Amino acid sequence: MSKITLKIGAVSMSAFAMAGSVATSAIAAIAKSFPDTPISTVQLLGTLPGLGSLIITLIAGQMAMHISKKNLALLGIALVTAGGLIPAFWNNSMAGLLLCSIVLGMGVGFISTISPMVLTENFEGEERSSMMGANTAVTSMGSMLLTAGGGYLGAQNWRHIYWVFLLGIIIFLLTLFWLPNDKANIKADSRKAEKKESTWMILKNLNPYVYWIYLAVFILGIAYTAYAANLSLIVAAKHLGGTGMTSAINAFGTFVGIFAGLGFKYVRKLTKPNTLAAGFFLLVLTLGITYYFNNVIALAIAGALAAVTMVVIMPTATFMLSMLCQPQQIAIVMSIFAFVNGLSSAIAPKVISWLHVPAGAPSFVFAGVLAMVVVIALLVTHFEKKVESGSMLQDAPSSK
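Thresholds applied
Residues numbered from 1 in each chain as written. Predicted model: local features only at pLDDT ≥ 70, side-chain atom pairs only at ≥ 80, totals over all residues. Heavy atoms only, no water. Helix = DSSP H or I, 4+ residues; strand = E, 2+ residues; numbered from the N terminus. Rg over C-alpha atoms; globule rule 2.2 N^0.38 Å. Buried < 20%, exposed > 50% of the residue type's maximum accessible area, 1.4 Å probe, protein only. Phe/Tyr/Trp six-rings, centres within 6.5 Å; stacked < 30°, edge-to-face > 60°. Lys, Arg positive; Asp, Glu negative; His and termini not counted. Salt bridge = Lys/Arg side-chain N within 4 Å of Asp/Glu carboxyl O. Contact = heavy atoms within 4.5 Å. pLDDT = per-residue confidence, 0-100. 1 Å grid on protein atoms, 1.4 Å probe; cavity = no way out; pocket = protein on both sides within 12 Å on 5 of 7 lines; lining within 4 Å. Points joined across faces, edges and corners; volume = space filled by probe spheres on them. Nonpolar A, V, L, I, M, F, W, Y, C, P; charged D, E, K, R; others polar. Axes fitted to C-alpha atoms, helices over the stretch in contact; angles between N-to-C directions. Parallel < 35°, antiparallel > 145°, perpendicular 65-115°, else oblique. Left-handed = near helix turned anticlockwise from the far one by under 90°. Core = buried A, V, L, I, M, F, W, Y, C linked by side-chain atoms within 4.5 Å.

Right, let's talk about the overall build of the chain for a bit. Scanning the chain from N- to C-terminus turns up 18 helices and zero strands. A compact globule built from 400 residues would reach a C-alpha radius of gyration of about 21 Å, and the chain, at 21 Å, matches this within 12%. When its C-alpha atoms are laid out on the principal axes, the chain stretches across 60 × 50 × 40 Å. The buried share of the chain, taken over its 400 residues, is 51%.

Have a look at this one:
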């Protein structure tokens, strides 16, 4: 297998990492077809995939210790494809649509958890970092293709939006033929190996610095969601447009994010060893520009910076996690990472509400302060430099 086909096979599954958002563009049209169904129930089509994903991230790491990552990736792609395509045929039942949304989300859960494991297993050093950036670019590209393609197909009839998931057949074949098979980590022939690699033992022996990265990712989820959830309110408050303008800003950001992901290795050359801090500082800039400026061009630039923020932080976080843990810990570490990432985004509105932070501009200030605290903490402690130098590594857990 050539290096190029290996790279394509390793990242292709991530085209479905944002598949759960496809139906959100058709919520209004779907609601008209189900006039007796509360709008809040119809809106679950956009949120239930997140629930399904969270459920799977809790168990995917443990499954990867017994089942090959390639097979789990194929299972994830199959679930997304099935959950997405079935509504193209079976669409007269809201319960059926909601069930398919959960199935789709479960597939996304497998993909988001297994993807960083596959990259960690097949690539080393800076090549691993570059591939994680490329993986984020594929996620953005897939999101744009699914959203644009679904919007085009469903322009006249919302039921046709689901045909976009035919893309899953191509992704499944790319993964099937170009992603090398791997062996599960658990060895049933040795009680000592089983004890050493059990979930409890792995959690017990995790490098404590792993939890600092989880905390940073959790804060990112809160701060970034504050931006995404309140952007439309800011656009409206500044009298710059409505839903269409907000969508255009997001689309422009996604487009820029694709190229940023593909060029991630060059970003690292500029920001190393403070890449994670640079990503959070870009989020501060995103929030500041959106808060202070009152023109579309400035907000579009902020949208691009928001996309670059995710491109910089997510692959850097997974890269650093891979450096801080032992090979037998990768499955659990990445599973927890995917769970923390999904959980923080899901509960962000509630957290902000509990803290009595008003929607709109005040949420931007709150998120900016959070992000800036992370920047300062990372720079003052030289956290990233210590991780990359290996000074925070632990010895392999004892098998005694």
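Let us look at the packing of aromatic side chains. In the structure shown here, the tally under the stated rule is nine aromatic pairs. Plain terms: the ring middles of Tyr224 and Tyr227 are 6.0 Å apart, the flat faces sit at 50° to each other, and that makes the pair tilted. Here Tyr224 and its partner Tyr227 are both found in helix H11 (residues 209-237), three residues apart, which amounts to about one turn of the helix. Classification of Tyr224 as partly exposed rests on a relative accessible area of 23%. With a relative accessible area of 2%, Tyr227 lands in the buried category. Of the aromatic side chains, those joined through ring pairs into one cluster are Tyr224, Tyr227 and Phe364.

Along the polypeptide, Lys238 turns up in the loop between H11 and helix H12 (243-262). We note that Lys238 is buried and unpaired, the nearest opposite charge coming from Glu384 at a distance of 29 Å. With near-sequence residues (within four places) excluded, Lys238 lies in contact with Thr290, Tyr291, Tyr292, Phe293 and Asn294.

Let us now look at the environment of Thr147. Structurally, Thr147 can be placed in helix H7 (residues 125-153). Along the primary structure Thr147 and Phe337 are separated by 190 residues, whereas in three dimensions their C-alpha atoms are 26 Å apart.

In this section: the confidence of the model for the chain. The share of residues in the chain with pLDDT of 70 or more is 92%, and the mean pLDDT across the chain is 85. Within the model, pLDDT remains below 50 along residues 186-196, and this stretch shows 14 contacts once partners closer than five positions in the same chain are excluded. Predicted confidence for residues 396-400 stays below pLDDT 50, and this span has eight contacts to residues more than four positions away or in other chains.

What follows covers empty space enclosed by the protein. Counted according to the given criterion, the structure contains three cavities of 30 Å³ or more. Of the voids in this model, the largest cavity is the one considered here, and its volume is about 70 Å³. Around the largest cavity, the lining comprises 14 residues; the ones closest to its centre are Ala23, Leu45, Ser101, Leu104 and Tyr162. When contributions to the lining of the largest cavity are tallied by element, the ones reaching two or more residues are helix H4 (44-63), helix H5 (69-89) and helix H6 (94-122). Take the lining of the largest cavity: its biggest share by element is four residues, from H6. Of the residues in the lining of the largest cavity, the class split is 11 nonpolar, three polar and no charged.

For the structure on display, the rule yields nine salt bridges. By sharing partners, the salt bridges in this structure join Glu126, Arg268, Lys272 and Glu388 into a single network.

The interhelical angle for the contact between H5 and H6, taken along N-to-C directions, is 155°, at an axis separation of 7 Å. Put simply, H5 runs roughly antiparallel to H6. Once H5 is placed against H6, the crossing between them reads as left-handed. The residue makeup of the contact of H5 with H6, split by class, is 19 nonpolar, four polar and two charged.

So, about the nonpolar core. Counting residues in each nonpolar core, the largest one holds 103 residues, and the members touching the most others are Phe16, Ile30, Leu45, Tyr162, Phe165 and Phe280. When residues in this core are grouped by element, the largest group, 14 residues, is from H11. If we ignore the near neighbours within four places in the chain, the residues touching Ile30 are Val42, Leu45, Met94, Leu97, Trp158 and Tyr162. Ranked by size, the runner-up nonpolar core spans 11 residues in total, among them Phe264, Val308, Val311 and Val312.

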